[in-house]
Amino acid sequence: MTEGVSAFAPNPEYLRVADLHAFYGESHILHGIDLTVRRGEVVTLLGRNGSGRTTTLRAILGLTGRRGGSIMINGVETIRLPTHRIAHLGIGYCPEERGIYASLTCEENLLLPPAVSSGGMSVGEIYEMFPNLKERRNSQGTRLSGGEQQMLSIARILRTGARLLLLDEISEGLAPVIVQALGKVIRSLKEKGFTIVLVEQNFRFAAPLADRHYVLEHGQIVMTVDRSELASRMDKLHQMLGV
Amino acid sequence: MEIFGVPLNALYAQLLLGLMNGSFYAILSLGLAVIFGMLNIINFTHGAQYMMGAFVAWVLLSRFGVNYWLALVLSPLIVAAVGIVIERTMLKRLYHLDHLYGLLLTFGLALVIEGLFRVQYGISGEAYPVPEALTGGTDLGFMFLPNYRGWVVVASLVVCFATWYIIERTKLGSYLRAGTENPKLLQAFGINVPLMITLTYGFGVALAAFAGVLAAPIFQVNPLMGSNLIIVVFAVVVIGGMGSILGSIVTGLGLGLVEALTRVYYPEASAVVIFVIMAVVLLLRPAGLFGRES
């Protein structure tokens, strides 16, 4: 799929989650999540630790236990699909723990995810965006610094042609200057037409990037804030996030 | 000429024998390592699958007149197919459980398979002729080399290092390494990990069967040939470190040689030397010589 805009559906839905329930074993973690992300949008999932943000991303990919409800990706119902089929609908996933493989070099990590769609960035373009990775391409993946590993974790899903990026806590534990660089990366990805779901703890990082914020609590969405309402609802948001 | 009272000729002959046994250790422990890495299962059926490899070659020859070279390809494929059925119907239900369950299942399967072959063929063993092209021997100047034994060493080394190369140096191998480390994430990238696991098991089993065909002309084709060998191979795996590819190859060959040297200089200990080394390694480096401490 390209980001060509149709006159009939100028901003079609890329991801539509309806009444999503998810379990880990016997524990019921998500209690009916509803959210919609249109093509080219950046949305965030905010909330305290344990509110279900990471589980929501994992449930979209089928990485949790039992799931119920509906997840439409690009018009395809995926709730019954196995994980590897879901990825091929054009999803790139950057997990919270970054998931850099120790037994692979930096470049092997970068080249690992198979193409899920045409039109991914070339290795050259990626190295231009993340020059550090080029310098360290022969290093063992886990020998990279925390920031480099985070860059690598994002870079490797840009190669695959994925148009919907699920990014989990990418700013966590990184120096402010690196967080700033990541902010630039997200902005430039948005300009390139990527659709992005950010799970974030760092509201200051997420606020200027996102079109819409979903706040989760106890596995449910308790508040939705559009960019335009951000200023007026800031107090309430701070209160809910406890920041 | 003698070294410590042993004629050089006799020493070379024993070292060759050690290298040959080491080749079997290497190829079998390599299969175990590949399977353990990807499936997290300690495949106790490995010895029975090695035996099946030899038997399938023997049946192919005696019933269907299929020659050794074709059997070297066909037998691993047939035994791997049986392995794949076992994986799809039984093993795959155990991945999320403790190692112990996989161990019990595969051990039980080994007993069942060996029992079936015993009922069918008895325990007296069947002879498999050395293929014509490899009969006789070559005078290397310093020793006489039986051609078939030389072939076993070369063929095992080629297969072992080809496996190592594929796993450590190719794109397919990067999937295998990644799948060993974090299969869920690999699947989230769009790789069909369950299929990969099945094929990996099939490949590990094929290695065992390949070793079985190589062994057929040397040892008797016998339902118990696997269980005799596999105990030593597990000691090799413990010494090398479970899951290390290069470690299992190097340790297998090395221990074959150590065993041979012991047979020359202190024959009484040759049957236990590997287990003594295993005990020492477990005391000093519990994860094995090439294993990662976790």
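Worth saying up front: this structure is predicted, and the values here are computed from it rather than measured. (Residues numbered from 1 in each chain as written. Chains lettered and ligands numbered in written order. Predicted model: local features only at pLDDT ≥ 70, side-chain atom pairs only at ≥ 80, totals over all residues.)

Novice: I would appreciate a short explanation of the overall build of chain B in the present structure.
Specialist: A count of helical and extended segments in chain B gives 11 helices and 4 strands. Taking 19 Å as the expected radius of gyration for a compact globule of 294 residues, we find that chain B reaches 19 Å, a close match to that expectation. The C-alpha extent of chain B, read off along each of the three principal axes, is 65 × 50 × 35 Å. For chain B, buried positions account for 48% of its 294 residues. The long-range fraction of contacts in chain B, counting pairs at least 24 apart against all pairs at least 6 apart in sequence, stands at 77%. (Helix = DSSP H or I, 4+ residues; strand = E, 2+ residues; numbered from the N terminus. Rg over C-alpha atoms; globule rule 2.2 N^0.38 Å. Buried ≥ 20, exposed ≤ 12 C-beta atoms within 10 Å, placed from the backbone. Contact = placed C-beta atoms within 7 Å.)

Novice: Explain the interface of chain A and chain B here, please?
Specialist: Accessible area lost upon the coming together of the parts serves often as the stated size of an interface. Contacts between the two partners involve 18 residues from chain A, matched on the other side by 14 residues from chain B. It is helix α2 (residues 83–87) of chain A that contributes the most residues to the side of chain A that touches chain B, 3 residues altogether. Each residue belonging to the side of chain A that touches chain B can be placed in one class, and the counts come to 12 nonpolar, 5 polar and 1 charged. (Nonpolar A, V, L, I, M, F, W, Y, C, P; charged D, E, K, R; others polar.)

Novice: Explain the sheet that holds strand β5 (residues 76–77) of chain A to me, please; I cannot follow it from the model alone.
Specialist: Where strands meet in a sheet, backbone hydrogen bonds hold them as pairs that are either parallel or antiparallel. Residues and elements named next belong to chain A. Taken together, 4 strands build an open sheet; the order of strands is β2-β1-β4-β5 and the sheet is antiparallel. Of all strands in the sheet, those bounded by a partner on one side alone are β2 (27–38) and β5. Of the strand pairs in this sheet, strand β1 (residues 13–24) and strand β4 (residues 67–73) are connected by 6 bridges, and their pairing is antiparallel. Bridge pairing in β4 places Arg-16 opposite Met-72. Relative to β2, helix α1 (residues 53–60) is tilted by about 75°, and along the sheet it contacts β1, β2 and β4. (Pairing = 2+ DSSP bridges. Axes fitted to C-alpha atoms, helices over the stretch in contact; angles between N-to-C directions.)

Novice: Looking at this model, I keep getting lost on the nonpolar core. Mind explaining?
Specialist: General note: in soluble globular proteins, nonpolar side chains tend to be found buried as a group. If you look at the biggest cluster of nonpolar residues, it comprises 151 residues, and the most contacted ones within it are A:Ile91, A:Leu166, B:Ile27, B:Ala54, B:Ala209 and B:Ala211. With 16 residues, the single largest contributor to this core is helix α1 (residues 8–39) of chain B. With near-sequence residues (within four places) excluded, A:Leu166 lies in contact with A:Leu57, A:Ile60, A:Ile91, A:Tyr93, A:Cys94 and A:Val197. (Core = buried A, V, L, I, M, F, W, Y, C linked by C-beta atoms within 7 Å.)

Novice: Could you clarify how one ought to interpret unusual backbone geometry in this entry?
Specialist: Note: most residues except glycine have negative phi, and most peptide bonds are trans. Residue and element names in this part refer to chain A. Even without being glycine, Arg-98 reaches a positive phi, approximately 75°. Mapped onto the elements, Arg-98 comes out in the loop between β6 (91–94) and α3 (106–111). Residue Arg-98 is classed as buried on the basis of its 22 C-beta neighbours within 10 Å. With phi around 50°, Glu-169 is a residue other than glycine that occupies positive phi space. Mapped onto the elements of the fold, Glu-169 is located in the loop between β7 (164–168) and α7 (176–191). Given 21 C-beta atoms within a 10 Å radius, Glu-169 is considered buried.

Novice: Before we go on, may I ask you to explain the confidence of the model for chain A in this structure?
Specialist: Atomic detail in the predicted coordinates should be set aside for any region of low pLDDT. Of all residues in chain A, 95% attain a pLDDT of 70 or more, and the chain-wide mean is 91. Here residues 1–6 of chain A is modelled with pLDDT under 50, and outside its nearest four sequence neighbours on either side it reaches 9 contacts, counting other chains as well. (pLDDT = per-residue confidence, 0-100.)

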